[in-house]
Every structure is written in C-alpha cells, then in structure tokens.
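# Residue-level structural notes
Below are the chains, spelled out letter by letter.
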Amino acid sequence: MRLLGLTDWRSGRAVDLVLPQAADSALIDETGAVSAEVEQIDASGLVLAPALVDPHVHLRDPGQTDKEDMVTGAAAAAAGGYGLILLMPNTQPAMDGHARMADGRTVIDYLESYERDHGLRLPVDYALCVAATMDRAGRQASNPDDWSGHLPGHGWDYPVVAISDDGSAVTDQTLEDVAANAREFDLPILDHCEHHEHGQVNLGAVSRQLGLEGIPASTETAIIHRDIALAERTGTRVHLQHVSTAGGFEAVRSAKAHGLPITCETAPHYLALCDEDLLRCGSMAKMNPPLRSRADQQAALEAVADGTVDMIATDHAPHTAAEKALGLKDAPNGIIGLETAYAVCNQVLVTSGLISHDRLIELMSLAPAELMGMRRLLPEDLSSRKANTGHLLLEVDQHSEADQPPVDLVILDPEAKWKVDPSRFHSKARNTPFAGAELTGRVMATIKEGRLVFSRLPESRVITRERN
C-alpha cells in the first residue's frame, strides 16, 4: 500500500510511504463495510503520525458487554486513531489472574485467546493491566504466580504490562505488597489517585447550586502525596491516573523536580471542561474524579504546557443510556472518549496555541507506549530514499527481523472541522459530554501493520483493487 502527499508529523517534510501489502488489507469505512483491497491513498495536505496509544481504557468485556465489548471498543479505538490500548482490570470477574469465569478461564486467558475464539482480527492491539489486589477488593495483593507468566517476553500477543486496581486507589493495607510485586517484575503501578466514600460532584459553588454532596480536592491530593512518598521510599515506579486538581499537578511537579519515578496522565475532559459544564451536560459529564473547578481546569492546561503531565489518556468508560438517565445523583461515573480525544485535545491544546502538534503526538502516542514498555515503529525508523517526485520515500524493510515493532500509523487533518454526533460512534455507548460540539482536528485513517483498518477519506483519494 502506497501513501502519497503526506506531511511528516515531526519534520514537516513531504513524505510518501510504501508499506508491505497485508493479505487482508482492505478499506473499512465509517459504516464498517469492507469494499476492496487498498493499493494507493492520496493523502495530500494531511499529516502522518505514529498511531495513538491509550494507557487507560475500559472495554467492559467480559462482564458488562451490554455497555461495550471487544469488537465495538476496538472499532471505536481505530476510529479514534489508536493502534494500541491498555485494558483496565475492573472486568467481571476482575483481571487478577486468579478469579475464574463461568467456563473456568481467567480474564487474562479469555483476552489472550479472544481473536482466535471469535475467528476475527481486531483493528487495534491491546495490552493488559493486572489487578493490584485479589478481586480488586483491596484486602490482599494479587499473586504474581497467577499472572507473571503473561509478562512481555513470554510469547503472549497481549501481555501484562502494568498493575492497577483502577476504579479504586490501591488501599493503604496492600500498598507495600503491591509495590513489592511491581518492583520485582519491573512494572509500573497505575494508581487511581483518588478516594472518597461519599459525594457525586466536585465540592464548590456548582455542587451547592445542584444540591448535591461535594467531593473535595483532598480526596485526590491525599492519595497523590501518599504515592509520591512510596516512590521516594522504595523506588517503585508510580503512574498517577487522571490527575484533575491544581494541588495534584503541583505535587507531581515537585516530585519530578526531586527526580522521583513519578509520571502522570490527565484526560481530555479535564482539559476542556470544568464543573460548570455539569449544569449543561448533567450526568453525561459525571465522572470520577469529578470535573473540577475552572481554576483546576486552568491548572491542568498549564501542567500540560510545562511538561508536568506526561501523557493524555481517555479513561474510556462506557455506560448504557438507561444508567446515565438516572441523573447526577444516581448515574454511574464515566464517559467515553476514544472517538473524540484527538479532536478535543487538538482544539484545546494546539489550535489554542498552548502546545505544538508534534508535542500532542508525543502526549498521545510516544509517552503512553513508553509507559507500557511497548515501543512502536515510527516513520522515522523506516529506511528512506528520494522518490522521483522529489518527496522522501519511506519503505519498510520486508527482510527485517521478525520481532521488529509493528508499523502503526494515523493520518490526521488538524484543520478539519466537524460536529460530534454520538449516533455515528462505533462504540456501543453514547455517554459523552461533547455531543453536538464543534471540534477542529480529525482522524482520517488508521493503519495497523500495513492494513488500512479505518478510513473516512473520500473515495476520490483511495485507489482500490476490487476483490473477486
């Protein structure tokens, strides 16, 4: 497959790209229809970048497939420009390597064999995040004997690359044991750095206006300070999930200044929204941690700009329409984000002039892959020569070693303007606060290991060979 007329994301140079044609490479459009083998794409004026990587995704499979499943979640990821996602362990049963499904398998076994069992090939790769504690109950650290055989290097396609009880912070009583497991197997702890027993929305003027119990910022900062102390005391690598408060960002900033092994993420919604948006969006903007104050939102933007934030994760959390219809008090926390993340971040961070587009790619692709220890092959890693057009021609060495990282690419239009219509999402879920939003920046195509797995390019740009 040959891609023509692209602009390289980092150098700004015009590039052509030639990829080895995968046997099943086919055009899969927004409707999911497979029409023909793709031979050439004219992507003039568009940007070529490494496919996005999301270190924080809930696909609800197994256990809650009425909300999402592997097929719909993977389709949503591909439509959002992702080539790799990290699956969180709050499945049912929990992904602790010990709890068994009705058929006797663990969730790790189920996910490792998903494609084979279902006779399909998903359009994205995924890695697994094992539960920090048994059944995610916070009483006893999970047993490495149950999951260490699934670490990278053991021949698994979808390895365990991190530890977390996401949905819940690692409990005080298990923290030392969980940290010891993380150090022994050189895995980061991805901690849900927030804990509260009560409350629905951020504590402040909006919670009082809505008559709802508020959640103070201290529910986040207390866990962050505890985890930073753990990293300082033991050297454990700690990654703080979905940081949302000014105090949280400042604590991370200070820890990094002292050279501690701390990284953090924030999510698109904490950059684009604040608790005032609850008045407009209702339960579609209810999440955990909650949308914070406008001052916290500004602090999140500043933390991205100054490098305190290492990466951006969606925390894609599907729920049914019936659940979200329960209202702010009773609806579950969480929103979906795979199909809007790039556009939201491009608009809030790049179009606004806060950061460059290449920095956005680092935040949404390179840094998450590094956290997961799963390097991707980037365009600049490929061999190059001058084509007759004078453009730089990049080619994959088809005789390279078998363990060469995959070529996962995304074609982006940072200037495209579009309106979010949740009815057109590939996800089963529709719980987004961005419905109807006018956004700038769009994923135009996603390429997975030489396969065009998603495209919204116009037909005039795609040359195909009809299938027999």
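### What to know about helix α7 (residues 246–257)
An α-helical turn contains 3.6 residues, so a residue and the one three or four places further along point in the same direction. A rise of 1.5 Å per residue sets the reference length of α7, with its 12 residues, at 16 Å; its end C-alpha atoms lie 17 Å apart and thus fit the reference within 8%. Against the buried residues of α7 lie α6 (218–234), β12 (238–240), β13 (262–266) and α10 (294–305). Gly 259 lies just past α7 and shows a positive phi near 75 degrees.

### A short note on the side chain of Asp 296
Topologically, Asp 296 is positioned in helix α10. One buried charged side chain, Asp 296, makes no salt bridge at all; its nearest oppositely charged neighbour is Arg 292, positioned 5.4 Å away. A distance of 2.8 Å separates the side chain of Asp 296 from the backbone nitrogen of Ala 246, its partner in a polar contact. In this structure Asp 296 touches Ser 244, Thr 245, Ala 246 and Phe 249, once residues within four positions along its chain are discounted.

### Focus on the layout of surface pockets
One water molecule sets the probe size; rolling that probe over the atoms shows where empty space is left. Its boundaries defined by the atoms lining it, the second largest pocket holds a volume of some 400 Å³. Lining the second largest pocket are 19 residues; nearest its centre among them are Arg 60, Asn 90, Gly 167, His 319 and Asn 333. For the lining of the second largest pocket, the residue count by class is 2 nonpolar, 13 polar and 4 charged.

### Describing the packing of helix α4 (residues 175–184) against α6
In the contact formed by α4 and α6, the axes pass within 12 Å of each other and the chain directions differ by 50 degrees. The orientation of α4 with respect to α6, classified from their angle, is oblique. Like other packed secondary-structure pairs, α4 and α6 cross with a definite hand, here right-handed. On α6, the residues that touch Leu 175, Glu 176, Ala 179 and Arg 183 of α4 are Arg 226, Asp 227, Leu 230, Arg 233 and Thr 234. Of the residues contributing to the contact of α4 with α6, the split by class is 3 nonpolar, 1 polar and 5 charged.

### Side note on empty space enclosed by the protein
In this structure the tally under the stated criterion is 5 cavities of 30 Å³ or more. Estimates place the volume of the largest cavity at around 70 Å³. Taken together, Val 57, His 58, Leu 59, Arg 60, Asp 61, Leu 87, Met 88, Asn 90, Thr 91, Met 95 and Leu 111 make up the lining of the largest cavity. Its residues assigned to classes, the lining of the largest cavity shows 6 nonpolar, 3 polar and 2 charged.

### Things to note about the confidence of the model for the protein
Per-residue confidence for the protein gives a mean pLDDT of 91; residues scoring 70 or more make up 89%. Taken together, the stretch residues 398–402 has pLDDT below 50 and engages in 1 contact with residues farther than four places along the chain or on a different chain.

Conventions we followed
- Residues numbered from 1 in each chain as written.
- Predicted model: local features only at pLDDT ≥ 70, side-chain atom pairs only at ≥ 80, totals over all residues.
- Heavy atoms only, no water.
- Helix = DSSP H or I, 4+ residues; strand = E, 2+ residues; numbered from the N terminus.
- Expected span 1.5 Å × (residues − 1).
- Contact = heavy atoms within 4.5 Å.
- Buried < 20%, exposed > 50% of the residue type's maximum accessible area, 1.4 Å probe, protein only.
- Lys, Arg positive; Asp, Glu negative; His and termini not counted.
- Salt bridge = Lys/Arg side-chain N within 4 Å of Asp/Glu carboxyl O.
- Polar contact = N/O pair within 3.5 Å; in protein donor to acceptor, adjacent residues only side chain to side chain.
- 1 Å grid on protein atoms, 1.4 Å probe; cavity = no way out; pocket = protein on both sides within 12 Å on 5 of 7 lines; lining within 4 Å.
- Points joined across faces, edges and corners; volume = space filled by probe spheres on them.
- Nonpolar A, V, L, I, M, F, W, Y, C, P; charged D, E, K, R; others polar.
- Axes fitted to C-alpha atoms, helices over the stretch in contact; angles between N-to-C directions.
- Parallel < 35°, antiparallel > 145°, perpendicular 65-115°, else oblique.
- Left-handed = near helix turned anticlockwise from the far one by under 90°.
- pLDDT = per-residue confidence, 0-100.

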